[in-house]
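# Coordinate inspection notes
Here is what each chain is made of, one letter per residue.
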Amino acid sequence: MRQDGTRVKNLTPIMQALPYIMPRRFDAQNWASDYVDEEIMKQYIRQKRREGHSVTHMSVLAAAYYKAALEHPKVNYFVMNRKIYKRNHFCFSFVILKTRADGTPDETTLKIFLEPEDTVFTISRKIKEHIDRNLQAAHNNRTDRFANFAFRVPGLARLVFGLAYHLDLHGLLPRKIIDLSPFHTSLFITNLASINTSYIFHHCYEFGTTSVFICMGKPVLDPLAGPGSRKKLMPLGVVMDERVATGIEYSRFFAAFSRYLKNPEVLETPLDGREAAAPVRM
């Protein structure tokens, strides 16, 4: 028994064999690029802000991904020690830039847990709350504090991370460590557009359980829009672990993901499709 997932047993022979054929995550990585219509995204974000909602590219992307994952749950599977597990929650990790007290730039990694009743608005709020808490120069989140502790004593980091790796391999890593680890996540997102950089294909970490990594790049002109057009697309670099789902399952997932990014209004109601709760009259 793992703290973060349940073993999947009703698999086809080929799916059971893949973790033995490709025992490491970097063996099984597939790369794909996709594009988000930047005009649709920007228009939606501006409209929501006029209505008093703070919505960002990342919150829309995370909401669209999660809604598609609820419909196609195999993208939330992960492989550990040649076994395939169904994750018992959904979360995503991302990196933010912050400034130390001495003015030097720094980075920290955040992880946010989502629930089926979330909407793009609640996800936006969760992201903002996490970022605001961690932008403080004097604040270190639990992940930072754990890393600082591990590197404080010479040789301790190798022991701590080596022990964590082997405990994780055998399903013995405590849930508290899993919860603070950004590498034990349903989805890892990096937003290189925020630093005006093109997208990359970022590897899925061997440590942890990340099965999909999405990189958002700076918007580029749409090559199919015709001469003189200023229409822009935001490129996405996607890296996925092919052992958790078949090609057709990934295809259906990304078709739904793309559909929701083109119609972000559908993300304003609970992502699992249930009816929004009626407001309580006072």
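Residues numbered from 1 in each chain as written. Predicted model: local features only at pLDDT ≥ 70, side-chain atom pairs only at ≥ 80, totals over all residues. Heavy atoms only, no water.

### A word on the overall build of the protein chain
When helices and strands are tallied, the protein chain shows eight helices and ten strands. Out of the 282 residues in the protein chain, the part that is buried amounts to 44%. Long-range contacts, defined as pairs at least 24 residues apart, comprise 70% of the intrachain contacts of the protein chain with a sequence gap of at least 6. When the accessible area of the protein chain is evaluated, it comes to approximately 15100 Å², of which 56% is carbon and sulfur surface. (Helix = DSSP H or I, 4+ residues; strand = E, 2+ residues; numbered from the N terminus. Buried < 20%, exposed > 50% of the residue type's maximum accessible area, 1.4 Å probe, protein only. Contact = heavy atoms within 4.5 Å. Areas by Shrake-Rupley, 256 points an atom, 1.4 Å probe, with all protein chains shown as cover.)

### As for the layout of surface pockets
Of the pockets and cavities examined, the largest pocket occupies roughly 600 Å³. Met58, Phe94, Ile96, Ile131 and Asn191 are the residues nearest the centre of the largest pocket, which is lined by 24 residues in total. Those elements that place two or more of their residues in the lining of the largest pocket are α3 (57-71), β5 (90-99), α4 (120-134) and β7 (187-191). The element best represented in the lining of the largest pocket is α4, accounting for seven residues. Residue composition of the lining of the largest pocket, by class: twelve nonpolar, eight polar and four charged. (1 Å grid on protein atoms, 1.4 Å probe; cavity = no way out; pocket = protein on both sides within 12 Å on 5 of 7 lines; lining within 4 Å. Points joined across faces, edges and corners; volume = space filled by probe spheres on them. Nonpolar A, V, L, I, M, F, W, Y, C, P; charged D, E, K, R; others polar.)

### What to know about the packing of α3 against α4
Following both chains from N to C, one finds α3 and α4 inclined at 125°, their axes separated by 9 Å at the closest point. It follows that α3 is oblique to α4 by the angle criterion. Relative to α4, the crossing made by α3 is right-handed. Between α3 and α4, the contacting residues are Met58, Ser59, Val60, Ala62 and Ala63 on the first element and Val120, Ile123, Ser124 and Ile127 on the second. Residue classes in the contact of α3 with α4 are distributed as seven nonpolar, two polar and no charged. (Axes fitted to C-alpha atoms, helices over the stretch in contact; angles between N-to-C directions. Parallel < 35°, antiparallel > 145°, perpendicular 65-115°, else oblique. Left-handed = near helix turned anticlockwise from the far one by under 90°.)

### Let's talk about the pattern of salt bridges
Evaluated as defined, the whole model comprises 13 salt bridges. A salt bridge links Arg24 to Glu206; the nearest nitrogen and oxygen atoms lie 3.7 Å apart. Of this pair, Arg24 sits in the loop between α1 (13-21) and β2 (29-37) while Glu206 sits in the loop between β7 and β8 (212-216); the two residues are 182 residues apart in sequence, bridging distant segments of the chain. Residue class for Glu206 comes out partly exposed when judged on its relative accessible area of 24%. Where Arg175 meets Asp179, a salt bridge forms, and the shortest distance between an N and an O atom there is 2.7 Å. Here Asp179 and Arg175 lie together in helix α7 (residues 175-180), a separation of four residues that amounts to about one turn. With relative accessibility at 24%, the residue Asp179 sits in the partly exposed group. What you see here is one network of salt bridges that share partners, running through Arg2, Asp4 and Asp168. (Salt bridge = Lys/Arg side-chain N within 4 Å of Asp/Glu carboxyl O.)

All quantities given are derived from atomic positions and should not be read as evidence of function.
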